[in-house]
Amino acid sequence: MKILILGSGGREHALAWKLSQSNILQQLFVAPGNAGTSKLGKNIPIGVNDFEAIKEFVLSNGVNMVIVGPEDPLVNGVHDFFLMNEELKKIPVIGPQKHAATLEGSKEFAKEFMMRHNIPTAQYKSFTATTIDEAYSFMETLHPPYVLKADGLAAGKGVVILNNIEDAKIELQSMLLDQKFGVASKTVVIEEFLDGIELSVFVLTDGENYKLLPTAKDYKRIGEGDTGLNTGGMGAISPVPFADNVLMTQIEEQIVKPTVEGLKIDGLPYKGFIFIGLIKVGEKAKVIEYNVRLGDPETEVVIPRIKNDLVSVFQAVANQSLNELDLQIDERTATTVMTVSGGYPGNYEKEKEISGIDAIEDSLVFHAGTKLIGEKVVTNGGRVIAITSYGDNFKEALKTSYKNVSKLSFEGMNFREDIGFDL
Ligand code: AMP
Ligand code: GLY
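Criteria and cut-off values
Residues numbered from 1 in each chain as written. Chains lettered and ligands numbered in written order. Predicted model: local features only at pLDDT ≥ 70, side-chain atom pairs only at ≥ 80, totals over all residues. Heavy atoms only, no water. Helix = DSSP H or I, 4+ residues; strand = E, 2+ residues; numbered from the N terminus. Buried < 20%, exposed > 50% of the residue type's maximum accessible area, 1.4 Å probe, protein only. Contact = heavy atoms within 4.5 Å. Areas by Shrake-Rupley, 256 points an atom, 1.4 Å probe, with all protein chains shown as cover. Lys, Arg positive; Asp, Glu negative; His and termini not counted. Charge placed at Lys NZ, Arg CZ, Asp CG, Glu CD. Salt bridge = Lys/Arg side-chain N within 4 Å of Asp/Glu carboxyl O. Pairing = 2+ DSSP bridges. Axes fitted to C-alpha atoms, helices over the stretch in contact; angles between N-to-C directions. Phe/Tyr/Trp six-rings, centres within 6.5 Å; stacked < 30°, edge-to-face > 60°. Lys NZ or Arg CZ within 6 Å of the ring centre and 35° of its normal.

Asks: Can you explain the overall build of the protein chain? Please cite residues and give values.
Replies: Along the backbone of the protein chain there are twelve helices and 22 strands. Dimensions of the protein chain, computed from C-alpha atoms along their principal axes, come out at roughly 60 × 50 × 45 Å. A burial count over the protein chain gives 59% of its 423 residues as buried. Put simply, 69% of the contacts in the protein chain that link residues at least 6 apart link residues at least 24 apart. Surface summary for the protein chain: the accessible area is close to 17,500 Å², and the carbon and sulfur share equals 47%. Each charge class in the protein chain can be summarised by its mean position, and for the 42 positive and 57 negative side chains these summaries are 2 Å apart.

Asks: Would you mind going over the pattern of salt bridges in detail, with residue names and values included?
Replies: Pairing between side chains becomes possible if they bear opposite charge and their charged atoms approach one another. All chains considered together, the criterion is met by 25 salt bridges. When the shortest N-O distance is used, the salt bridge between K107 and E289 registers 3.8 Å. Of this pair, K107 sits in helix α6 (residues 107-116) while E289 sits in strand β17 (residues 284-291), and the two are 182 residues apart along the sequence. The two residues K107 and E289 agree in class, both being buried. For D226, the salt bridge is made with R416, and the minimal N-O distance between the two is 3.0 Å. In this pair, D226 sits in the loop between β13 (221-223) and β14 (227-230) while R416 sits in the segment after α12 (394-405), placing the two residues 190 residues apart along the sequence. One network of salt bridges, in which partners are shared, links E71, E104 and R293.

Asks: How would you sum up the sheet that holds strand β2 (residues 27-32)? Please name residues and give values.
Replies: Taken in spatial order, the five strands of this open sheet run β3-β2-β1-β4-β5, and their pairing is parallel. On the outer flanks of this sheet lie β3 (42-43) and β5 (93-94), each paired with one strand and no other. Note: strand β1 (residues 2-7) against strand β4 (residues 65-68), four bridges, orientation parallel. Counted as the bridge partner of L4 is V66 from β4. Across the sheet, helix α1 (residues 10-19) touches β1, β2 and β4, and the angle it forms with β1 is around 165°. Its contacts with the sheet put helix α11 (residues 310-318) on β1, β4 and β5, and the angle it makes with β4 is roughly 100°.

Asks: Describe in detail helix α5 (residues 98-105), supporting the description with residues and values.
Replies: Burial in α5 covers these residues: A100, A101, L103, E104 and G105. The elements touched by buried residues of α5 are α3 (71-75), α6, α9 (245-265) and β17.

Asks: Which residues make up the packing of aromatic side chains, and what values do they have?
Replies: Inspection of the entire model under this criterion finds eleven aromatic pairs. On the basis of an interplanar angle of 75° and a centroid distance of 5.6 Å, the ring pair of W17 and F366 is categorised as edge-to-face. Here W17 is found in helix α1, whereas its partner F366 is found in strand β19 (residues 364-367), with 349 residues between them in sequence. For F366, a relative accessible area of 1% gives the class buried. Residues F202 and F275 carry aromatic rings whose centres are separated by 4.8 Å and whose planes lie at 50° to one another, so their mutual orientation is tilted. Residue F202 is located in strand β10 (residues 197-205), and its partner F275 is located in strand β16 (residues 272-281); the two are separated by 73 residues in the primary sequence. One aromatic cluster is present, built from ring pairs that chain together F51, F81 and F82. Its guanidinium or amino end placed over the ring of Y390, R332 lies 3.9 Å from that ring's centre, counting from NZ or CZ.

These results come straight from atomic positions and should not be treated as a statement about function.
Quick look at the structure:
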C-alpha cells in the first residue's frame, strides 16, 4: 500500500507514526507534513485544498489510499472530487463526502440533523440579518450565558459565549450585520447554554458499520484553570475517567447509533471519523458539535491506544467490512501536553530553533507546527510539539509528559501545567 495523508499537524504526525508500523505499508507520503512526518515518510509540498495537484501526485506515484486529516478539504469536497474522476474513483479516501461533511461545515445543518434523528442537544434557533429582531426576542427567553455560533467554519473562533444580554446583542449584530466571521456568520445559531463537563467520543464508520474509538478530553483554553482565549487544544487525556459504562451506554444508544443510522436514512455516504463533542449535563451527555475528522490533540492520545494495524483498519473502512474487525484498545491511559509558541493563540513568531527533542525518553514526540531548515528543527505554527505518554492512570502518564516537556525548549515556549486539573 502507498498511502497519502493530507495535513500538517500533530494529528497527521500521530497517524503517520501509527501507519508506518504496518507491514502492509509500502510507502507513506504526507502533504504538506512537518519536520516530524518527514522522518516517517516523504513530505510533499502540496496544499490540502489543491485537488488538481493532489490528483496529479496520486496518479503519478501509484498512491492506493488517501487519508484526510483536517476538515477543510472534506468540506470542500475532496472525496467527491475523487469519486467523480474516472482515474481516481477506485482509490479509497478516508473522510466523508462533502454533503456529510456539512455536519461540521454548518452548525445549522448539524442542529437540523440532530433534531430530525432525536439526538440530544441544546435547544436552539437560527437567525440571519433579516430576522435579527426575532433573535433579540429569542434571547430574552433564554437564561444567561448566551451561546452564539457562526453557522460556517470560522477556524475554531466562531463560538462566542457571553454573560450579559446587551453584550450578546452587540456580538450578534457584529456577526450578522458586520459579517464578523465573513460568510460564516451570515447565519447564526443561538442556543441554550449547557452547564457540565465536556468530553469527546470518536467513531469510525464505513457507512454501514461503526467502531467506537477511545474517548478523550481536550483542554482548549490557553490559560490554566480553563481561562483565556480558545486555542486548537493545549493537551488531552484518554480515556476520560468519568466516561463509565453507564454514560457510554447512553452515548452509544442515544447519540452514536442514531448518528450513524441518521446518515444512512438521509442518504449521506460516510467513510471516516466522526468526532462527537459532548457535554455531560447531570447524568446524561448532549451533543455540542460534530466534527468530520479526528481531533487535534485528541488524536495524539487516541491513536496510540489502538493496538490494531491501522492500515488494515482503514482497509476495512474502504471495503465496508468494519463489522469483521476486532478493535483492540490499550488499557493504559495516554496523555499529551502541547507546547506552543509565545503569544499563541494571538500573534507569534516562527522559525525559533527547538532543542531537546533527542533527550526525550519514554514519551512519544508528535510534531504539530515544525519544519526543517537544513538539519535544524524550528517552530512553524502556534502549536509546536505534543508530548504523549502512557501510564496506569492519567496522573502517572502526565508525570512522564511533563518530565519530557521540561527537556524541550525554544524561545517563547509556553504550555499548560494543569492538564487534567478538573478530573
Ligand atoms: P464548538 O465550536 O461548537 O465546539 O464550541 C466551542 C466550545 O464552546 C465548546 O467546546 C464548548 O466549550 C462551548 N460550547 C459550545 N456550545 C455550548 C453550549 N450550548 N453550552 C455550553 N458551552 C458550549
Ligand atoms: N481539539 C479540538 C479539535 O480538534 O477540534
